[in-house]
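Structural description and commentary
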Amino acid sequence: MTARWDGRALSEGLLTAARQAVESGVPEGGRPPSLVSVHLPGPSPFSFYLRQQARAAEGAGITFRDITLAPELTAPALRDVVRALDAEPSIDAVILEHPLPPQLGFFGAASALRLEKDVDGVGAASLGRLVAGQPVHVPAVARGAIKLARHHGVAFPGRRVAVVGRSETVGLPIALLLGVRGLGADATVTVAHSRTPDLATALEGAEVVFGCAGKPKLLNRSTVPRGAAVVDVGLVSVPDDSVPGGQRAVGDADGEDLEGWARAVTPVPGGVGPVTVATLMESTVQAWDLLGRGKPE
Ligand code: NAP
C-alpha cells in the first residue's frame, strides 16, 4: 500500500510554534512581525496561495499585507516598488509572488531586497549564501518539501534522491538544500529537466523523487522507481466540471497509477502546499528576529 504523506498536521505545528515565538518575543517598544506579499493583479493559481498566506499569518500573529502591482508595470518600476519595501522599517519580510512575465525581471527585483527581508530566499545574495552552505533564507517551498519528507521519517544522508525540475525558485533550491556541503542532508542528488532525454533512466535508483515540473501525471509507474517516495511539489489547475469553480489543483504525480507502486505520495492539495505556507511564516519570524523585532533603531 502507498502511504499518503499529508502536510496539514505538520503545518499546524509549525504555525503554533511561530505564534508562540511571536507572543513571547515582542520586546518593549517592539511590534509583531510583518510580511508583505507583492503580486500581479487578477486571478491566478496563486490567488489561493495568497489566501492561505493571509490566514496563516493571522494564525501566527504576523501582520500581513498584500500589494497588487499595476498591470502596466515595467521592470524598473517593479524594482522601485521592491526597493521602497526594503527601505520601510515597519516591514520585516517581502515575498514577490512568481511566476512573473519575463520582461518584469523577477530576479533583478528580488535581488533588490536585503538578505534579511528576502524571506523567500530568491534574490542573488540569498542564492549565493545557499550555494556556499551558509543560507539566511531559502525558498519556503524547498524547505517545506524537505521538511515534509523528514516529518514522515526520511533520513537523507547517503540516499539517492532525484529532483524533477531546475527552476531557481523551486527545483534548484531543493537540489542545493539536499546536496550542498555543510547543510546536513548529504544526499546524492540527480536533477532532471525538460531536456532530460529519458526520465525513467535518470530516476533509476532514486529512493525519493521531488516532482517540481508542474506537469500533471509526469510521475507514474513508467518514470518513478518501484518503492520510491514521491514528494509532489507541482501545483497546476486543471479543468474539472465536477467541482465548484470548474478547476482542480493537481501536482506532478499520478496518484492512482502510483498506488501500490510508490512507497508514499504527498497529496495535492494538502501536502507540500500547507507546509510551504507555514514555513514562510517561520521565515518571517526569523526575519523579524534578525531585524531587531520591530524596535526602532
Ligand atoms: P518552472 O519555472 O516552469 O520550472 C519547471 C521545471 O520543470 C523546469 O526546470 C523544466 O525544465 C522542468 N520540466 C518541464 N517539463 C519537464 C518534463 N517533461 N520532464 C522533466 N522536467 C520538466 O516552474 P516552477 O516555478 O519551478 O514551479 C514548478 C511547479 O511547482 C509548478 O507546478 C508550481 O505551481 C509549483 N509550485 C508549488 C509550490 C507549493 O507550495 N506547492 C510553490 C511554488 C511552486 P527546463 O528548465 O528545461 O525548462
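The rules we used
Residues numbered from 1 in each chain as written. Predicted model: local features only at pLDDT ≥ 70, side-chain atom pairs only at ≥ 80, totals over all residues. Heavy atoms only, no water. Helix = DSSP H or I, 4+ residues; strand = E, 2+ residues; numbered from the N terminus. Rg over C-alpha atoms; globule rule 2.2 N^0.38 Å. Buried < 20%, exposed > 50% of the residue type's maximum accessible area, 1.4 Å probe, protein only. Contact = heavy atoms within 4.5 Å. Near = heavy atom within 4 Å. Polar contact = N/O pair within 3.5 Å; in protein donor to acceptor, adjacent residues only side chain to side chain. Areas by Shrake-Rupley, 256 points an atom, 1.4 Å probe, with all protein chains shown as cover. Nonpolar A, V, L, I, M, F, W, Y, C, P; charged D, E, K, R; others polar. Axes fitted to C-alpha atoms, helices over the stretch in contact; angles between N-to-C directions. Parallel < 35°, antiparallel > 145°, perpendicular 65-115°, else oblique. Pairing = 2+ DSSP bridges. Salt bridge = Lys/Arg side-chain N within 4 Å of Asp/Glu carboxyl O.

Observations regarding the overall build of the protein
- A count of helices and strands for the protein gives 10 helices and 11 strands.
- In terms of C-alpha radius of gyration, the protein reaches 19 Å, essentially the compact-globule figure of 19 Å for 297 residues.
- Each principal axis of the C-alpha atoms in the protein carries an extent, and together these give about 55 × 40 × 35 Å.
- Among the 297 residues that make up the protein, the fraction classed as buried is 49%.
- Counting contacts in the protein only where the partners sit at least 6 residues apart, residues at least 24 apart contribute 72% of the total.

Notes on the site of the ligand
- Near the ligand, the surroundings consist of 22 residues, among which R166, S167, S194, V233 and L235 are the closest.
- Within the contact set of the ligand, an oxygen atom lies 2.6 Å away from a side-chain nitrogen or oxygen of S194.
- The side chain of T276 places a nitrogen or oxygen atom 3.2 Å from an oxygen atom of the ligand.
- Within the complex, the protein chains bury 75% of what would otherwise be the 920 Å² of accessible surface of the ligand.
- Looking at the shell around the ligand, the element that brings in the most residues is helix α10 (residues 272–290), giving three residues.
- Residues belonging to the shell around the ligand are distributed by class as follows: 11 nonpolar, nine polar and two charged.

What about the packing of helix α1 (residues 8–25) against helix α2 (residues 47–60)?
- Between α1 and α2, the least distance of the axes is 8 Å, while the angle of their chain directions is 50 degrees. With respect to their mutual orientation, α1 and α2 come out oblique. In this structure, α1 uses L15, A18, R19 and V22 to contact α2, whose residues at the interface are A56, G59 and A60.
- Across the contact of α1 with α2, the residue classes tally to five nonpolar, one polar and one charged.

Some thoughts on the sheet that holds strand β5 (residues 160–164)
- What the six strands build is an open sheet, ordered β1-β11-β8-β7-β5-β6; its pairing is parallel. With partners counted over all chains shown, the strands left at the sheet margins are β1 (3–4) and β6 (188–192), one partner each.
- Pairing analysis gives four bridges linking strand β7 (residues 208–211) to strand β8 (residues 229–232), with the strands arranged parallel. Looking at β8, one finds that V208 is bridged to A229.

Description of the pattern of salt bridges
- Within the structure shown, the criterion is met by nine salt bridges.
- Linking D92 and R31 is a salt bridge whose minimum nitrogen-to-oxygen distance equals 2.8 Å. A residue pair is termed long-range when its members are at least 10 positions apart, and D92 in the loop between α3 (75–87) and β4 (93–96) and R31 in the loop between α1 and β2 (34–39) qualify at 61 residues. As far as burial versus exposure is concerned, D92 and R31 are alike and both buried.
- Put simply, R114 and D86 hold a salt bridge, and the shortest N to O gap is 3.2 Å. Residue R114 is located in the loop between α4 (106–110) and α5 (124–131), and its partner D86 is located in helix α3; the two are separated by 28 residues in the primary sequence.
- When its relative accessible area of 33% is taken as the criterion, R114 is described as partly exposed.

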